[in-house]
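Here are the chains, one letter per residue:
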Amino acid sequence: MTLFLIVVHTRLLLHTSPLWRDEVNSVYVATAPSLKEFLNSLVLDPFPILFVAVLRIWVGLGFGSSDFDLRVLGFLIGTALLGAIWVSCRMIDKERWAPLWPLALFAFSPGTLFEGDSLRAYGLGLIWIVMSFGLVWRLTFRPWRLGTAIAAAIVGLLAVQSLYLNSLILFATCFAGILVSLRRRQWWPAVVILSVGLIAALSLLPYAWIMRSAYEHLALQSEPRTISGEIPSLISSQLFSRSSVMLVCILVFSCGLITVSVPRLRQSLFASIKGGGDPLLFAVIVVLVGAIMTFGFLFGSGLHSSRYRRPLMAATSLSIHVAYTTRRKNIGLTLANLIGSALTAAAFVPGSYHLSELRRTNCDLAAGVVAKSAGQDDLVIVTRFTHAPTFQRYYHGVAPWTSVPAVGDHLQHRGYLARAEMMNPDAIQDILLRIESKLKARHKVFLVGRFRLSELHQLPPVAIAPQSGRAWRPDDYLNLWHSQIVNLLSQHAVRVAKIALNGTEQVDVREKEEVFVFSGWKD
């Protein structure tokens, strides 16, 4: 498993793709020219300071001159996560059994591979939360040592300084360690584990003003979801279709129902749980408390991307490893563990291998084509302002360009930047006038984005009613503005052509661009 994962990480590096908008955002924050600008940019960056500090050091050492140099850092972090899984599991299991489930269920996941190797804080944060689990476990179940306590405090500090959501999983892990230590009447380990958690919590106090400001921006990123829709998305994680996920849920529920219904199976299950003792209790507490806090926060904030659940998945996979090590002398369970982990890893192989050659954006290709085709009197329009940071990084043409809407800068792409335009019913009126002026002057208008040519004959768009509170939906406005531009062009542009982009690789749909050129004017 580990060798295959190293191959996949290497393929991710060798199939170097340009930086997409989140990664461009990280590079901007890490290379901010002044301390004031650096701190201000953290408000729109959903991470503490550690990763961008590491990235700033990496660039300062001379490794930021190309996309490949930057991707090397992601590769090192992604492969280091594999090492962290091995080290943590060896701290848990003194007999050094291989971390089958953490590798199969967590490391093989396409989501872990994608986020772990990207120029974002997720990979670094996952390293430290995995190590924190092993160190807190060691403080709970092994003879106390000062070196272990110091290491746990440092790693816990690094964990919460990498990802805010790591604080929830670290709390769950420390809570489990304290309860088990008190149950075992080991007071000193409980005090040490409590200190580890307090040190990590206190280190987040300087971010209070950032968190308060960031909370105001969450309204523009939240999405309404339900529990019935969230659980399948947790299982699928870019791997299975929704119908397959529901089938898996039904099978798991059926197996559980049969197990608790048949007396012999129920007695065997309870005996196994009782035999697991405190280690199994530790694992169960981590999963339950971590899940309650993670999903509680995500539902409360309206954030539902699978990347926010990576720390919980890491802790869950380690907890499964713990549960297995408590009963590994059972031959039947050992065989089931080997077969189950192998099948799980095999299920992830197609998605993970495909991901290793997937282009994360083709905005660089679009920028290159536009730079060659557009003259200085033409106009270039990026139809979604959230994609403008990537376009700006790779565009070196002479034609002026703007995003929709025309926000103040394109260094970061958070929804908050367009809030003023969302409150303005004529937010893109200036862009529409520029399009009209260019076409009437017999110049060209280039559209960078995605739309079907059939949209050119749709009815005019209907304005959106004003929104307020936490009901903001940026996509509604982006779709409206897109329709307004397409409607103008369909009525008045004489000619339209799609420009082919070079490149045969598959592109991530989140930033897959097309280029259209419009010319001529008709009344």
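Predicted model only: the values in this text are computed from it and were never measured.

## A short note on the overall build of the protein
Working step 1: Along the protein, the regular secondary structure elements total 22 helices and five strands.
Working step 2: In the protein, which comprises 523 residues, the share counted as buried stands at 51%.
Working step 3: For the protein, contacts bridging at least 24 residues in sequence account for 78% of all contacts bridging at least 6.
Working step 4: For the protein, the exposed surface amounts to about 24100 Å²; the carbon and sulfur share of it is 64%.

## Thoughts on the packing of aromatic side chains
Working step 1: Counted under the stated rule, the structure contains 14 aromatic pairs.
Working step 2: An angle of 65° between the planes, with centres 6.1 Å apart, marks the rings of tryptophan 20 and phenylalanine 114 as edge-to-face. Separated by 94 residues along the polypeptide, tryptophan 20 in the loop between α1 (2–14) and α2 (21–30) and phenylalanine 114 in helix α7 (residues 110–117) bring together distant segments of the chain.
Working step 3: Looking at tryptophan 20, the relative accessible area reads 4%, which means it is buried.
Working step 4: With a relative accessible area of 2%, phenylalanine 114 lands in the buried category.
Working step 5: A ring pair is formed by phenylalanine 391 and tryptophan 401, whose centres lie 5.1 Å apart and whose planes are at 65°; its orientation type is edge-to-face. Remark: tryptophan 401 occurs in strand β2 (residues 401–403) and phenylalanine 391 occurs in helix α19 (residues 388–394); sequence separation between them is 10 residues.

## A few points about the nonpolar core
Working step 1: By size, the foremost hydrophobic cluster in this structure holds 114 residues, and its most contacted members are Phe282 and Val380.
Working step 2: Per-element tally for this core: the top contributor is helix α8 (residues 122–141), with 13 residues.
Working step 3: Ignoring sequence-local partners within four residues, the contact set of valine 380 consists of Val370, Ala374, Phe391, Tyr395, Ala399, Pro400, Trp401, Thr402, Phe446 and Val448.

## A short note on the pattern of salt bridges
Working step 1: Under the criterion given, the structure shown has 13 salt bridges.
Working step 2: Close ionic contact of aspartate 67 with arginine 393 constitutes a salt bridge, the shortest N to O distance being 3.0 Å. Of this pair, aspartate 67 sits in helix α5 (residues 67–92) while arginine 393 sits in helix α19, and the two are 326 residues apart along the sequence.
Working step 3: We classify arginine 393 as partly exposed; its relative accessible area is 29%.
Working step 4: Across the salt bridge formed by glutamate 505 and arginine 359, the nearest N and O atoms sit 3.6 Å from each other. Of this pair, glutamate 505 sits in the loop between β4 (495–499) and β5 (514–519) while arginine 359 sits in the loop between α17 (331–355) and α18 (363–373), placing them 146 residues apart in sequence.
Working step 5: The exposure class assigned to glutamate 505 is partly exposed, which follows from its relative accessible area of 42%.
Working step 6: The network of salt bridges with shared partners includes Glu23, Arg71 and Arg360.

## Observations regarding helix α9 (residues 146–160)
Working step 1: The first and last C-alpha atoms of α9 sit 22 Å apart over 15 residues, in line with the 21 Å expected at 1.5 Å per residue.
Working step 2: Buried residues of α9: Thr148, Ala149, Ala152, Ala153, Val155, Gly156, Ala159 and Val160, and no others.
Working step 3: Taken together, the buried residues of α9 touch α8, α10 (166–183) and α11 (187–202).

## Quick word on the sheet that holds strand β3 (residues 445–449)
Working step 1: Spatially, the five strands line up as an open sheet ordered β2-β1-β3-β5-β4, and their pairing is mixed. A single partner strand is all that each edge strand has here, and the edge strands are β2 and β4. For this sheet, the mean inter-axis angle between neighbouring strands, taken without regard to orientation, is 20°.
Working step 2: Inspection of the sheet shows β4 paired to β5 by five bridges, in the antiparallel sense. Bridge assignment links isoleucine 499 to a residue of β5, and that residue is valine 515.
Working step 3: Together, β1 (379–382), β2, β3 and β5 form the strand contacts of helix α21 (residues 429–440), whose direction differs from that of β1 by roughly 145°.

## Focus on the confidence of the model for the protein
Working step 1: Within the protein, residue pLDDT values average 82, and 80% of them lie at 70 or more.
Working step 2: Scored below 50 in pLDDT, residues 226–245 makes 33 contacts in the model with residues more than four places away or belonging to other chains.

## Brief notes about the pairing of β3
Working step 1: Of all five residues making up β3, five are buried, and the element is well covered by its neighbours.
Working step 2: Of the two faces of β3, the one lined by Val445, Leu447 and Gly449 and the one lined by Phe446 and Val448 are each fully buried.
Working step 3: Here β1 pairs with β3 via four bridges, running parallel. Looking at β3, one finds that valine 382 is bridged to valine 448.

## Topic: the packing of α5 against α8
Working step 1: Here α5 crosses α8 at 10°, and the two axes come no closer than 8 Å. It follows that α5 is roughly parallel to α8 by the angle criterion. Between α5 and α8, the contacting residues are Ile77, Ala80, Leu81, Ala84, Ile85, Val87, Ser88, Met91 and Ile92 on the first element and Gly123, Leu124, Leu126, Ile127, Val130, Met131, Phe133, Gly134, Leu135, Trp137 and Arg138 on the second.
Working step 2: Partitioned by chemical class, the residues of the contact of α5 with α8 number 16 nonpolar, three polar and one charged.

Definitions and limits used
Residues numbered from 1 in each chain as written. Predicted model: local features only at pLDDT ≥ 70, side-chain atom pairs only at ≥ 80, totals over all residues. Heavy atoms only, no water. Helix = DSSP H or I, 4+ residues; strand = E, 2+ residues; numbered from the N terminus. Buried < 20%, exposed > 50% of the residue type's maximum accessible area, 1.4 Å probe, protein only. Contact = heavy atoms within 4.5 Å. Areas by Shrake-Rupley, 256 points an atom, 1.4 Å probe, with all protein chains shown as cover. Phe/Tyr/Trp six-rings, centres within 6.5 Å; stacked < 30°, edge-to-face > 60°. Core = buried A, V, L, I, M, F, W, Y, C linked by side-chain atoms within 4.5 Å. Salt bridge = Lys/Arg side-chain N within 4 Å of Asp/Glu carboxyl O. Expected span 1.5 Å × (residues − 1). Pairing = 2+ DSSP bridges. Axes fitted to C-alpha atoms, helices over the stretch in contact; angles between N-to-C directions. pLDDT = per-residue confidence, 0-100. Parallel < 35°, antiparallel > 145°, perpendicular 65-115°, else oblique. Nonpolar A, V, L, I, M, F, W, Y, C, P; charged D, E, K, R; others polar.

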